[in-house]
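Topology and contacts: notes
Spelled out, the chains give:
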Amino acid sequence: MLDIQIDQATLEDCNAIAEFNIRLAEETESKSLDAELVRTGVIESLGDARGCQYYVARHQENIIGQLMFTREWSDWRNGEFWWFQSVYVHPDYRRQGVFQQLSEHIQKLAQSNPDVVGLRLYVEEENERAQSTYRQLGFNFPGYHVMEKMLER
């Protein structure tokens, strides 16, 4: 496993995170995102003003991966779910345990917080490689489908 350091992201990490998010959208959904809009969204996230936190994986001072989690309150369970989002590992570092280390770090944080009852994530239906990785780390399909309705602005 690659020797990396996991840190909570800061404003200094904004450009790298925004770049990774743009790459993520292109790779997974063939979507082109507006760079300035993404950068502004990352800045909002880094201030935790939106109920989320970014963590980055560093190797030799370079950011090589990221994971953001958001919080969802469950009245049924009287606790929070942390949703993994914006998961990205630079292509040069994939299949070397980077996501595993990021995931384990967040899981330890979650386990130390008595309000957190579980972890969840989105995965594209066709992305079998990611699904395999997530299964190996203990994630499974709970029987729900995600639906959305985008608002016109």
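Data block above holds the structure.
Calculation notes
Residues numbered from 1 in each chain as written. Predicted model: local features only at pLDDT ≥ 70, side-chain atom pairs only at ≥ 80, totals over all residues. Heavy atoms only, no water. Salt bridge = Lys/Arg side-chain N within 4 Å of Asp/Glu carboxyl O. Helix = DSSP H or I, 4+ residues; strand = E, 2+ residues; numbered from the N terminus. Buried < 20%, exposed > 50% of the residue type's maximum accessible area, 1.4 Å probe, protein only. Phe/Tyr/Trp six-rings, centres within 6.5 Å; stacked < 30°, edge-to-face > 60°. Lys NZ or Arg CZ within 6 Å of the ring centre and 35° of its normal. Core = buried A, V, L, I, M, F, W, Y, C linked by side-chain atoms within 4.5 Å. Contact = heavy atoms within 4.5 Å. Axes fitted to C-alpha atoms, helices over the stretch in contact; angles between N-to-C directions. Parallel < 35°, antiparallel > 145°, perpendicular 65-115°, else oblique. Left-handed = near helix turned anticlockwise from the far one by under 90°. Nonpolar A, V, L, I, M, F, W, Y, C, P; charged D, E, K, R; others polar.

1. Thoughts on the pattern of salt bridges
Two side chains of opposite charge can pair, provided their charged atoms sit close to one another. Using the criterion set out here, one finds seven salt bridges in the structure. The residue R120 makes a salt bridge to E72 at a minimum N-O spacing of 3.5 Å. Of this pair, R120 sits in strand β5 (residues 116-121) while E72 sits in strand β3 (residues 62-74), placing them 48 residues apart in sequence. With relative accessibility at 19%, the residue R120 sits in the buried group. One connected set of salt bridges, linked through shared partners, spans D7, D13 and R58.

2. Side note on the packing of aromatic side chains
Per the counting criterion, the structure on display carries eight aromatic pairs. Members of the aromatic cluster, joined through ring pairs, are F84, F99, Y134 and F139. Lying across the ring of F81, R120 places its NZ or CZ 3.6 Å from the centre.

3. Observations concerning the nonpolar core
L67, F84 and V98 are the most contacted members of the largest nonpolar core, which totals 23 residues. Of all elements in the fold, only β2 (52-59), β3, β4 (79-89), α3 (98-111), β5 and α4 (128-136) reach the threshold of two or more residues within this core. Of all the elements, α3 adds the most residues to this core, at five residues. Ignoring anything within four residues of it in the chain, the contact list for L67 reads Q53, Y54, Y55, F84, Q85, S86, V87, F99, L102, S103 and I106. With 15 residues, the next largest nonpolar core counts A9, F20, C52 and M68 among its residues.

4. Focus on unusual backbone geometry
Residues other than glycine seldom take positive phi values, yet N78 does so here, at roughly 50 degrees. Relative to the helices and strands, N78 resides in the loop between β3 and β4. Owing to a relative accessible area of 59%, N78 belongs among the exposed residues under this scheme. Phi at R95 takes a positive value of approximately 65 degrees, unusual for a residue other than glycine. On the basis of relative accessible area, R95 is assigned to the exposed category, the value being 57%.

5. Description of the packing of helix α1 (residues 14-29) against helix α2 (residues 35-46)
It is the contact of α1 with α2, at a shortest axis distance of 9 Å, that shows an interaxial angle of 125 degrees. Classified by the angle between their axes, α1 and α2 sit oblique to one another. As for how α1 packs across α2, the hand of that crossing is right-handed. From α1, C14, N15, I17, A18, N21 and I22 reach across to α2, where they touch A35, V38, R39, V42, I43 and L46. Its residues placed into classes, the contact of α1 with α2 shows nine nonpolar, two polar and one charged.

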